[in-house]
Amino acid sequence: FRGKIQFGSRKIFSRMLLTFQFTLAFLTILLGIVMINNASYLSNLDWGYQKEHTLVIPLEEASQYDLLEGALSSSNIINGMSASKHLVGQRNRIRMVEYENEKHEIFTLGVSDNYLQNLDFNIIEGRHFIKDAVSDEKQAVIINQKMADYFKWDAAINKEFKIDTARFTVVGVV
């Protein structure tokens with residue numbers, strides 16, 4: 001009986017499996033090429049700040065930053081230190097902003113007063129945060145040009161909006 005009996009459905013099933021396997025292999029190769037091109041694009045993209053000569057040290061707690069800053073502040077090879085919960089473009093927090101009785105979703109990034117200077121962000125309009133200024137710590141924000149365009153602000157400085165119940169004033173645009 002060996003080799004003499006053929007089942008017609010088995011031939012069709014084998015062809016279907018082979019077609020599926022070929023399609024899956026082709027899509028996997030195509031996906032790999034797309035991901036390599038995307039990684040290359042993102043690594044060469046201008047993010048608007050100086051990423052070279054920047055060291056990122058993840059910390060478990062905010063109190064560790066003070067210890068690290070104290071230990072490294074006397075080093076002459078470190079130009080500056082600053083803190084943020086996340087990096088620009090990574091895991092930004094979505095918040096509801098109220099402006100002129102309308103609510104809008106925006107991405108926010110909490111940073112220390114010298115964060116933008118240390119990464120060489122260019123201030124297009126306004127100023128950087130002022131260190132130890134209580135008003136800056138509690139009420140000042142620096143926005144990007146995209147947010148200013150979204151709200152159709154020709155001059156964004158001193159514009160006010162609310163996040164939750166707190167009022168914020170725009171002091172700079174990057």
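All figures in this text were calculated on a predicted structure; none of them were measured in a lab.

## Brief notes about the nonpolar core
And step 1. Ranked by internal contacts, the top residues of the largest apolar core, which has 15 residues, are I143, W153, A156, F161 and V170.
And step 2. Setting aside residues up to four positions removed in sequence, F161 forms contacts with V97, E98, Y99, V141, M147, W153, A166, R167, F168 and V170.
And step 3. With 8 residues, the next largest nonpolar core counts Y115, F121, A140 and I142 among its residues.

## A word on the packing of aromatic side chains
And step 1. If you walk through the whole model with that rule in mind, you get 5 aromatic pairs.
And step 2. Their ring planes at 80 degrees and their centres at 5.1 Å tell us that Y99 and W153 sit as a pair that is edge-to-face. Within this pair, whereas Y99 is found in strand β1 (residues 93–99), its partner W153 is found in the loop between α5 (145–150) and β5 (160–163), the two being separated by 54 residues in sequence. Each member of the pair, Y99 together with W153, is buried.
And step 3. Each residue in the set Y99, Y150, F151 and W153 is aromatic and connected to the rest through ring pairs, giving one cluster.

## Focus on the pairing of strand β6 (residues 166–173)
And step 1. Here 2 bridges tie strand β3 (residues 125–126) to β6, and the two strands are oriented antiparallel to one another. The partner of E125 across the bridge, within β6, is V173.
And step 2. Two strands pair when backbone bridges link them, and strand β4 (residues 140–143) and β6 are joined in this way by 4 bridges, in the parallel orientation. Paired with V141 across the strands is V170, a residue of β6.
And step 3. As defined by bridge partners, β5 adjoins β6 across 4 bridges and the pair is classed as antiparallel. From the neighbouring strand, K162 faces β6, where its bridge partner is R167.
And step 4. Hairpin connection of β5 to β6: 2 residues between the antiparallel strands, including D164 at a positive phi of 60 degrees.

What counts, and where the lines are drawn
- Residues numbered from 1 in each chain as written.
- Predicted model: local features only at pLDDT ≥ 70, side-chain atom pairs only at ≥ 80, totals over all residues.
- Heavy atoms only, no water.
- Core = buried A, V, L, I, M, F, W, Y, C linked by side-chain atoms within 4.5 Å.
- Buried < 20%, exposed > 50% of the residue type's maximum accessible area, 1.4 Å probe, protein only.
- Contact = heavy atoms within 4.5 Å.
- Phe/Tyr/Trp six-rings, centres within 6.5 Å; stacked < 30°, edge-to-face > 60°.
- Helix = DSSP H or I, 4+ residues; strand = E, 2+ residues; numbered from the N terminus.
- Pairing = 2+ DSSP bridges.

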